Amino acid sequence: GENVEQHPSTLSVQEGDSAVIKCTYSDSASNYFPWYKQELGKRPQLIIDIRSNVGEKKDQRIAVTLNKTAKHFSLHITETQPEDSAVYFCAVLRGGGSEKLVFGKGTKLTVNP
Amino acid sequence: EAQVTQNPRYLITVTGKKLTVTCSQNMNHEYMSWYRQDPGLGLRQIYYSMNVEVTDKGDVPEGYKVSRKEKRNFPLILESPSPNQTSLYFCASRRGAFNYGYTFGSGTRLTVV
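Residues numbered from 1 in each chain as written. Chains lettered and ligands numbered in written order. Predicted model: local features only at pLDDT ≥ 70, side-chain atom pairs only at ≥ 80, totals over all residues. Heavy atoms only, no water.

(A) Expanded view of the sheet that holds strand β8 (residues 76-78) of chain B. Residues and elements named next belong to chain B. Here four strands make up an open sheet; going across it, the order is β1-β3-β8-β7 and the pairing antiparallel. Whereas interior strands pair on both sides, the edge strands pair on one side only; in this sheet they are β1 (4-7) and β7 (65-66). Relative to strand β3 (residues 19-25), β1 is paired through four bridges, and the arrangement is antiparallel. Looking at the pairing, Asn7 lines up with Thr22 of β3. (Pairing = 2+ DSSP bridges. Helix = DSSP H or I, 4+ residues; strand = E, 2+ residues; numbered from the N terminus.)

Following this line, the structure appears as C-alpha cells:
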C-alpha cells in the first residue's frame, strides 16, 4: 500500500521567515496531494492541494510543489505569522476508483513572534 | 450552513458495549470517510464510501463497521469496543470525483475503559 513520509516532525521559525515541509510517497499511481492544517483542538482544514498534472500551485503566502519523478511534494509558507502555528498534514490519494487517502504523520509548526 | 456533523463529541464507554458514532452532511456529497487520529500516528483511514451502498476498507478497518443507506449519513459502528480503540475520530465528506477537498466534522473523542 501507499507509504507517506513527512519531515520534519517539528519546525520552529521566527515570524516573517519561511517554512518548508516535505513529504515523500511510494505509489507512482497517486494523483492528488492535499495539505491540511490542524489547530489545537480543532478539525483538519484543507489549505491547498495539487493534482499530478501540475508542478506548482500558489495561494497567497502558501505554495505547494510536486515532483512526480522523485515522488515528493512540499509545502512552502512565506512571511510566516504566529497564526500559522499549527500541525500540518500532507496526504496522498491514489484515485482511479480508490478513495484511499493516506496521511503523513504531521509537522508541528511553531512561529515565534 | 454547510457542515459535517458528528455525534457525540465525547464518549466514555466500557469494553464490549456496542456503540455508534453518527455522521451527517448537508452538502449532498457523494464521498464520505472515517478517520482516527492518534498521537504520533497522524490520521488513519478506517472506512470510506463512494456512494449509497458503496463502502470499502481503509487502512485500519479491524473492529469497525459502517453503513451508507442514505447519502447524507455514514455512521461508524463499534460492535465490541476495546481499549485500543480509544482515539479521536473524524468523519469527512467531499463532493465527487473532480472535487477532492474533504470537509471534516468536529471530531468525536472516544475513551474505552
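(B) View of the interface of chain B and chain A. Listed by partner, the interface residues are 24 residues for chain B and 19 residues for chain A. Here chain B packs against chain A, burying approximately 1900 Å² in sum over the two surfaces, 54% of which is carbon and sulfur. Together, Leu43, Tyr100 and Phe104 of chain B form the three largest contributors to the area buried by chain B at its contact with chain A, with a combined 33%. At the boundary of chain B and chain A, one finds one salt bridge. One salt bridge in this structure joins Glu99 of chain A and Arg94 of chain B, with 2.7 Å as the shortest N-O distance. (Contact = heavy atoms within 4.5 Å. Buried area = accessible area lost by both parts, 1.4 Å probe. Salt bridge = Lys/Arg side-chain N within 4 Å of Asp/Glu carboxyl O.)

(C) View of the state of the cysteines. Residue and element names in this part refer to chain A. Per the stated rule, a full pass over the model turns up two disulfides over all chains. Disulfide pairing places Cys23 opposite Cys90 at an S-S distance of 2.0 Å. Looking down the S-S bond of the Cys23 and Cys90 bridge, the torsion is -95°, so its handedness is left-handed. Of this pair, Cys23 sits in strand β3 (residues 19-25) while Cys90 is found in strand β9 (residues 86-95), placing the two residues 67 residues apart along the sequence. (Disulfide = S-S within 2.5 Å.)

(D) Structural view of the nonpolar core. Grouped together as the largest cluster of nonpolar side chains are 24 residues, with contacts concentrated most on Trp35, Phe73, Leu75 and Leu109 of chain A. Taken together, the elements giving at least two residues each to this core come down to β2 (10-14), β3, β4 (32-38), β5 (45-51), β7 (62-67), β8 (72-77), β9 and β11 (107-112) of chain A. Membership of the second largest hydrophobic core comes to 19 residues, among which are Trp34, Tyr47, Tyr64 and Leu78 of chain B. (Core = buried A, V, L, I, M, F, W, Y, C linked by side-chain atoms within 4.5 Å. Buried < 20%, exposed > 50% of the residue type's maximum accessible area, 1.4 Å probe, protein only.)

(E) Local environment of the side chain of Asp49 of chain A. Residue and element names in this part refer to chain A. With respect to the secondary-structure elements, Asp49 resides in strand β5. Under the relative-accessibility criterion, Asp49 is labelled buried at 12%. Of the polar contacts made by the side chain of Asp49, one reaches the side chain of Tyr32; its length is 2.7 Å. Side chain to side chain, Asp49 and Lys57 meet in a polar contact 2.8 Å long. (Polar contact = N/O pair within 3.5 Å; in protein donor to acceptor, adjacent residues only side chain to side chain.)

(F) The packing of aromatic side chains, seen in detail. The full count for this structure, using the stated rule, is twelve aromatic pairs over all chains. Look at Tyr36 of chain A and Phe104 of chain B: their rings are 5.4 Å apart centre to centre, the planes differ by 80°, and that puts the pair in the edge-to-face class. You can see Tyr36 of chain A sitting in strand β4 and its partner Phe104 of chain B sitting in strand β10 (residues 103-104), one on each of two chains. Exposure remark for Phe104 of chain B: the relative accessible area of 1% places this residue in the buried category. Judged by centre distance (6.4 Å) and plane angle (80°), the ring pair of Phe89 of chain A and Phe103 of chain A falls under edge-to-face. In this pair, Phe89 of chain A sits in strand β9 while Phe103 of chain A sits in strand β10 (residues 98-103), placing the two residues 14 residues apart along the sequence. One exposure class covers both Phe89 of chain A and Phe103 of chain A, and it is buried. In this structure, Arg94 of chain B is placed above the aromatic ring of Tyr31 of chain B, and the distance from its NZ or CZ to the ring centre is 4.1 Å. In this structure, Arg94 of chain B is placed above the aromatic ring of Tyr102 of chain B, and the distance from its NZ or CZ to the ring centre is 5.8 Å. (Phe/Tyr/Trp six-rings, centres within 6.5 Å; stacked < 30°, edge-to-face > 60°. Lys NZ or Arg CZ within 6 Å of the ring centre and 35° of its normal.)

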